[in-house]
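# Observations on chain architecture
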Amino acid sequence: MSTITTKDGTQIFYKDWGTGPVVTFSHGWPLNADAWDTQLFFLAQNGFRVVAHDRRGHGRSSQPTSGNDMNGYADDLAAVIEALDLKDATLVGHSTGGGEVARYIGRYGTERVSKAVLIAAVPPIMVQSDANPEGLPIQVFDKLRSDLTKDPSQFYRDLATPFYGANRPGAKVSQGMLDQFWLWSMQAGLLNAHASIKAFSETDFTEDLKKFDIPTLVLHGEDDQIVPVKDSARKSAKLIKGAKEVYYPGAPHGLTATHQDQVNADLLSFLGKAQVSSNAA
């Protein structure tokens, strides 16, 4: 397998397809890089080099006790970018991966980055507080932790339904799509998946978003039952100078799968044509 080893000895699996301008992909919780395969394949076929890694504790990467927080995730993304010497990269993040991208820019800046894309992303902050009264109550995340530890397999089967909006009238979500969510989720370590709930729900990315100084696309489904659009994308777009906003009416959290053709087209439009947009490796 293709892996890099971080400073704390964690092995991070990655896939690296195609040649041309670089696009990196950070996946959502509790999945892995395979969740991006339709986007990776599409962009590789359109002249881009695409790199996606499994977050620590997920998929084929190591399952360490430490580093299961946004700083650790951002440092792992930085380790992949540096090990592969990626330059002028577009960073794409879905859900928790959007937080990873935001924290990477907050910690490392944009020296190696040309653009960013936040898809159904968790920033600026999910949990409810006096400063964020529109957020989700902490009890929502406490229940996630409780249900996860009681019966992980059933928990993931149940979560797949709202993730892809399969509980909505007229939804066309295949059993295969639901099954692959379960398969990917079951590859995450329980300790790591549990710790990640705190990471994606309680981390405040406000200051990270203010540091974005590159073209940024904010893309979100308006019927997202996992990361409500009103308290995420719409707020993030106000914090990122010049952000371009795209909203899909009726689309769920897992829109990279349910609306893959539309997402692929919007990504390609934002990236521009490979042969004229790159001086990247």
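Refer to the preceding data block for the structure.
Cut-offs and rules
- Residues numbered from 1 in each chain as written.
- Predicted model: local features only at pLDDT ≥ 70, side-chain atom pairs only at ≥ 80, totals over all residues.
- Heavy atoms only, no water.
- Core = buried A, V, L, I, M, F, W, Y, C linked by side-chain atoms within 4.5 Å.
- Buried < 20%, exposed > 50% of the residue type's maximum accessible area, 1.4 Å probe, protein only.
- Helix = DSSP H or I, 4+ residues; strand = E, 2+ residues; numbered from the N terminus.
- Pairing = 2+ DSSP bridges.
- Right-handed = clockwise from strand over helix to strand, strands pointing away.
- Arc of directions from axis to C-beta.
- Contact = heavy atoms within 4.5 Å.
- Salt bridge = Lys/Arg side-chain N within 4 Å of Asp/Glu carboxyl O.
- Axes fitted to C-alpha atoms, helices over the stretch in contact; angles between N-to-C directions.
- Polar contact = N/O pair within 3.5 Å; in protein donor to acceptor, adjacent residues only side chain to side chain.
- Phe/Tyr/Trp six-rings, centres within 6.5 Å; stacked < 30°, edge-to-face > 60°.
- Lys NZ or Arg CZ within 6 Å of the ring centre and 35° of its normal.

Counting residues in hydrophobic clusters, the biggest one holds 63 residues, and the most contacted among them are Trp29, Leu91, Tyr104, Ile105, Tyr164 and Phe200. Counting 24 residues, the second-largest nonpolar core is a separate cluster that includes Val23, Ile119, Leu219 and Ala251.

Here the focus is the pairing of strand β4 (residues 49–53). The buried fraction of β4 is high, at five of five residues. As paired strands, strand β2 (residues 11–17) and β4 are joined by four bridges and run antiparallel to one another. When the bridges of β4 are listed, Lys15 appears paired with Ala52. Both strand β3 (residues 22–26) and β4 contribute to a ladder of four bridges, which runs parallel. Paired with Val23 across the two strands is Val50, which belongs to β4. Once the chain exits β3 it traverses helix α1 (residues 37–45) before rejoining the sheet at β4, and the crossover so formed is right-handed.

To continue, consider helix α6 (residues 175–185). Residues lying three or four places apart along an α-helix face the same way, a consequence of the helix completing one turn every 3.6 residues. Considered for burial, the residues of α6 that qualify are Met177, Leu178, Phe181, Trp184 and Ser185. The arc that holds every buried residue of α6, seen down its axis, measures 130°, which confines them to one face. Those residues of α6 that are buried lie in contact with α5 (152–163) and α10 (255–258).

Turning next to the side chain of Thr96. Relative to the helices and strands, Thr96 resides in helix α3 (residues 96–108). For Thr96, a relative accessible area of 1% corresponds to the buried category. Sequence-distant contacts of Thr96, that is, excluding residues within four places in its chain, are made with His27, Gly28, Trp29, Arg55, Met70, Tyr73, Val122, Ser196 and Phe200.

Another point: the pattern of salt bridges. Taken as a whole and judged by the stated rule, the model has 20 salt bridges. Here Asp34 makes a salt bridge to Lys15, at a shortest N to O gap of 2.6 Å. Here Asp34 is found in the loop between β3 and α1, whereas its partner Lys15 is found in strand β2, with 19 residues between them in sequence. We classify Asp34 as buried; its relative accessible area is 17%. Notably, a salt bridge pairs Arg60 with Asp34, separated by 2.9 Å at the nearest N-O pair. In this pair, Arg60 is assigned in the loop between β4 and α2 (70–83) and Asp34 in the loop between β3 and α1, connecting sequence segments 26 residues apart. One salt-bridge network, held together by shared partners, links Lys15, Asp34, Asp37, Asp54 and Arg60.

A separate point is the sheet that holds β4. A sheet is described by the order of its strands in space; here eight strands give the open sequence β1-β2-β4-β3-β5-β6-β7-β8, paired in mixed fashion. Looking along the sheet, the strands with just one partner apiece sit at the ends: β1 (3–5) and β8 (244–248). For this sheet, the mean angle separating the axes of adjacent strands, direction not counted, is 20°. Pairing of strand β6 (residues 113–119) with strand β7 (residues 216–221), which is carried by four bridges, proceeds in the parallel orientation. Its bridge partner being in β7, Ile119 is matched across the sheet by Leu219.

With that settled, consider the environment of Asn192. Structurally, Asn192 is set in helix α7 (residues 190–202). Here Asn192 falls in the buried class, since its relative accessible area comes to 2%. Taking C-alpha positions, Asn192 is 19 Å from Val101, a pair spaced 91 residues apart along the chain. Look past the residues within four positions of Asn192 in its chain and what remains in contact with it is Gly57, Gln63, Pro64, Asn68 and Tyr73. Polar contacts involving the side chain of Asn192 include one to the main-chain carbonyl oxygen of Pro64, which spans 2.8 Å.

This part takes up the packing of aromatic side chains. Counted by the stated rule, this structure contains nine aromatic pairs. Taking 4.8 Å as the distance between ring centres and 55° as the angle between the ring planes, the aromatic pair formed by Phe25 and Trp36 counts as tilted. Pair noted here: Phe25 is in strand β3 and Trp36 is in the loop between β3 and α1, with a separation of 11 residues, a long-range link. Owing to a relative accessible area of 1%, Phe25 belongs among the buried residues under this scheme. Through pairs of rings, three or more aromatic residues link up here, namely Trp29, Phe141, Phe155, Tyr156 and Phe200. The ring of Trp182 has Arg157 lying over it, and the distance from NZ or CZ to the ring centre is 4.4 Å. The side chain of Arg234 reaches across the aromatic face of Tyr247, ending 4.0 Å from its centre.

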